[in-house]
Amino acid sequence: MKKGIHPENYRIVAFKDMSNEDVFLTKSTADTRETIEVDGVEYPLVKMEISRSSHPFYTGKAKLIDTAGRIDKFKNKYDKFKKPAAKEAKAEE
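A brief structural summary. Since we're looking at a predicted model, the values are computed, not measured.

**What about the packing of aromatic side chains?**
Aromatic ring pairs are described here by two measures, namely the spacing of the ring centres and the angle between the planes. Across all of its chains, the model carries 2 aromatic pairs by this definition. Look at Phe15 and Phe24: their rings are 5.7 Å apart centre to centre, the planes differ by 15 degrees, and that puts the pair in the stacked class. Classification of Phe15 by relative accessible area gives buried; the value is 13%. Arranged with centres 5.9 Å apart and planes meeting at 35 degrees, the rings of Tyr78 and Phe81 form a pair that is tilted. Residue class for Phe81 comes out exposed when judged on its relative accessible area of 60%.

**Things to note about the side chain of Asp17**
Residue position: Asp17 is located in strand β1 (residues 11-17). The contacts of Asp17, once residues within four sequence positions are left out, are Asp22, Met48, Glu49, Ile50, Ser51, Ser53 and Ser54.

**Some thoughts on the sheet that holds strand β3 (residues 35-38)**
Strand order in the open sheet made by the 4 strands is β2-β1-β4-β3, with mixed pairing throughout. The sheet is open, and its two edges are formed by β2 (22-28) and β3, each paired on a single side. Neighbour-to-neighbour, the strand axes of this sheet turn through a mean angle of 45 degrees, independent of strand direction. For β1 and β2, the ladder comprises 7 bridges, and the chain directions are antiparallel. In the sheet register, Val13 faces β2, and the bridge partner there is Thr26.

Parameters at a glance
- Residues numbered from 1 in each chain as written.
- Predicted model: local features only at pLDDT ≥ 70, side-chain atom pairs only at ≥ 80, totals over all residues.
- Heavy atoms only, no water.
- Phe/Tyr/Trp six-rings, centres within 6.5 Å; stacked < 30°, edge-to-face > 60°.
- Buried < 20%, exposed > 50% of the residue type's maximum accessible area, 1.4 Å probe, protein only.
- Helix = DSSP H or I, 4+ residues; strand = E, 2+ residues; numbered from the N terminus.
- Contact = heavy atoms within 4.5 Å.
- Pairing = 2+ DSSP bridges.
- Axes fitted to C-alpha atoms, helices over the stretch in contact; angles between N-to-C directions.

Next up, the structure:
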């Protein structure tokens, strides 16, 4: 590895998921001015909108998308823009 390209200021930082108030600690170089107290110790705080505890993929609350229905809906929507000759040729077959 090359020397001098990696940051030297790793420290314990608290990351807070603002959607569900979950807080977890990890090492980071993230720059922040806010702090939070966790178990009587004060840590720098990084606020996040979504994390592993609230992301639909990890929580199992992901939406299933009916792709076949969406494709049919798209075709029906744009079918009216087809040229009349194309519709007649289709009907003869």
